[in-house]
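Structural description and commentary
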Amino acid sequence: MSYVIGIDLGTSAVKALLVNKEGTVVAEASRSYPLYHERSGWSEQRPEDWVDATHEALRELAANENIDAGAIEGISFSGQMHGLVLLDGEGKPVRNAILWNDTRTTEQCREIERVLGDKLLRLTRNPALEGFTLPKILWVRENEPALFQSAESFLLPKDYVRYRLTGRRHMDYSDAAGTLLLEVAEKRWSDEVLEAFGLPASFPPPLVESHMLTGTLLPEAAERSGLNVDTKVFAGGADNACGAIGSGILSEGLTLCSIGTSGVILSYENDKSKDFGGKVHFFNHGKEDSFYAMGVTLAAGYSLSWFKKTFAPGESYDELLAEVGGLPPGAGGLLFTPYLVGERTPHADSSIRASFVGIDGSHERKHFARAVMEGITFSLNESVDMFRGAGKKVERIVSIGGGAQNPVWLQMQADIFGATVVSLENEQGPGLGAAMLAAYGCGWFDSLEACSAAFVKYASEYVPNQEATNAYVGLFRAYQQVYGATRELNETLAAYRA
């Protein structure tokens, strides 16, 4: 029996999946690592923590008494996007990594907009947001000049771990797309952007496809992990790209809905010229010469976990949501906007805050719970609505994450999105996508589509209830009005927040 390993380097932990040729996850291991919040809005990690945790997880898999480590043919990666790892001339980090959820770079985003103007969207296809990598580079240069002076290159989180395993530096297109340094459509580092900010052409690493072989294990990495030195190591991809691969989102008409702490609507795209005007992200896919459009809800699952923690701390989610399915669309006239930590799509607004609208004396906790679920789904539907407005077909949506664990929510998604919603039998998210890239890279399959046919297993389907869908059309339009109506009020209330 042969195996591959998919490594998902997340924000709180690394998870490694051992997968056989049938796509069955036969073993998994995970290790957590700390986050550092030295100041409000800062979010950092030690790159060495990722390396140590990855080695430990790999060693646990390799030591499995039922597994021959020599039968593990390849490794690939999924990684948290945007995080900045600055390296000196010896390839050592000059400081902690600044992560995707760090918000210190607002001034640098405005600088990027001033310097590049309309070139920004034309070249990178994405707006300047605090989470992206270029603003972080500029922040370090402006605020830690001595450290920046010693930096000669940079990598993203998973690429640093892979570099420590192989001794070679690369970056795949799907992760590079989130740096604001890549010409997404042309698949090359942008000379115009690099020159505009005085960065040398040697600053970013060589670009590769996600399924490409980037080397084999260094002797010391093999010893630490318990794997053979000839184990193949493939580039891998960004977490959302790998999540799409692991959900079978590999052709037109297929869309992914992922509800974790944040929420994502991701739709496959063949046309590199498709223009969404920067309202949604447009990134390279982990599938060669393919792309995806993506909208983000910052507080998706977080809104429900906040509600549970605040109003039902001693109950399970099943208990909290037990009566939600008995309510009709609209939660008795109650509407929720999930702006607990701001919003990303379609409003890139870090200061807007959430609201319940329409509360009256008849409302019970079950109405509030349903309103939270509907509000999260309405926010995600903003992206679906924009995709359709740009001419995309959104007919079949694969739902993963917390929103796929509740049948009532899955039906709600189908009704609000106006599309068939499908759950997965073997949901493993980005880690499975990483394993699929390794399987394809090892030559097990002649395409990612063939790999998907073997690895991705669909479960239940939820078809829109036309009466509910009709009701949600009007409710969604009402939801869209709340942002503008509360924007000024939020600015006034901000002065009173602790």
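Residues numbered from 1 in each chain as written. Predicted model: local features only at pLDDT ≥ 70, side-chain atom pairs only at ≥ 80, totals over all residues. Heavy atoms only, no water.

Quick word on the nonpolar core
Residues Phe154 and Phe417 are the most contacted members of the largest nonpolar core, which totals 123 residues. For this core, the element with the highest residue contribution is helix α13 (residues 365–389), accounting for ten residues. Once residues lying within four places of it in the same chain are set aside, the contact partners of Phe417 are Cys257, Ile265, Thr377, Leu380, Asn381, Val384, Arg388 and Ile397. Among the nonpolar cores identified, the runner-up in size contains 37 residues, and Ile75, Leu99, Tyr160 and Ala222 belong to it. (Core = buried A, V, L, I, M, F, W, Y, C linked by side-chain atoms within 4.5 Å. Buried < 20%, exposed > 50% of the residue type's maximum accessible area, 1.4 Å probe, protein only. Helix = DSSP H or I, 4+ residues; strand = E, 2+ residues; numbered from the N terminus. Contact = heavy atoms within 4.5 Å.)

Considering the sheet that holds strand β16 (residues 254–259)
Two strands in a sheet stick together by hydrogen bonds in their backbones, pointing the same way (parallel) or opposite ways (antiparallel). The strand order across the open sheet built from seven strands is β18-β19-β17-β16-β22-β23-β24, with neighbouring strands paired in mixed fashion. Looking at which strands have only one partner, the edges of the open sheet turn out to be β18 (281–284) and β24 (458–462). Geometrically, the sheet is characterised by an average inter-axis angle of 25° between neighbouring strands, direction not taken into account. With six bridges connecting them, β16 and strand β22 (residues 396–401) associate as parallel partners. Looking at the pairing, Thr255 lines up with Ile397 of β22. In the packing of helix α14 (residues 407–417) onto the sheet, contacts are made with β16, β17 (263–269), β22, β23 (420–424) and β24, and the angle to β23 comes to roughly 145°. (Pairing = 2+ DSSP bridges. Axes fitted to C-alpha atoms, helices over the stretch in contact; angles between N-to-C directions.)

Overview of the side chain of Glu269
Here Glu269 shows up in strand β17. The buried category is assigned to Glu269, whose relative accessible area is 2%. Here the side chain of Glu269 touches Lys392 through a polar contact of 2.9 Å, side chain to side chain. The residues touching Glu269, leaving out its near neighbours within four places in the chain, are Glu252, Lys274, Phe282, Ser290, Phe291, Tyr292 and Lys392. (Polar contact = N/O pair within 3.5 Å; in protein donor to acceptor, adjacent residues only side chain to side chain.)

Observations regarding the pairing of β23
Where burial is concerned, most of β23 is hidden: five out of the five residues are buried. By the alternation rule, side chains of β23 split into Thr420, Val422 and Leu424 and Val421 and Ser423, which are all buried. Following the backbone out of β22, through α14 and into the adjacent parallel β23, one traces a crossover that is right-handed. Alignment of β23 against β24, held across three bridges, turns out to be antiparallel. Bridging from a neighbouring strand, Val421 pairs with Tyr462 of β24. (Right-handed = clockwise from strand over helix to strand, strands pointing away.)

A closer look at the environment of Ala16
The topology assignment puts Ala16 in strand β2 (residues 13–20). The class of Ala16 is buried, set by a relative accessible area of 1%. Each C-alpha atom of the pair Ala16 and Val421 lies 28 Å from the other, and the pair is 405 residues apart in sequence. What Ala16 contacts, discounting residues up to four positions off in sequence, is Ile5, Gly6, Ile7, Ala27, Glu28, Ala29, Ala57 and Leu61.

Regarding unusual backbone geometry
Following Thr345, the chain continues into Pro346 via a peptide bond in cis, with omega recorded as 0°. Along the chain, Pro346 turns up in the loop between β20 (335–337) and β21 (355–357). In this structure, Arg125 takes a positive phi of about 70° despite not being glycine. Summarising the element assignment, Arg125 is placed in the loop between α3 (119–124) and α4 (133–143). For Arg125, a relative accessible area of 12% corresponds to the buried category.

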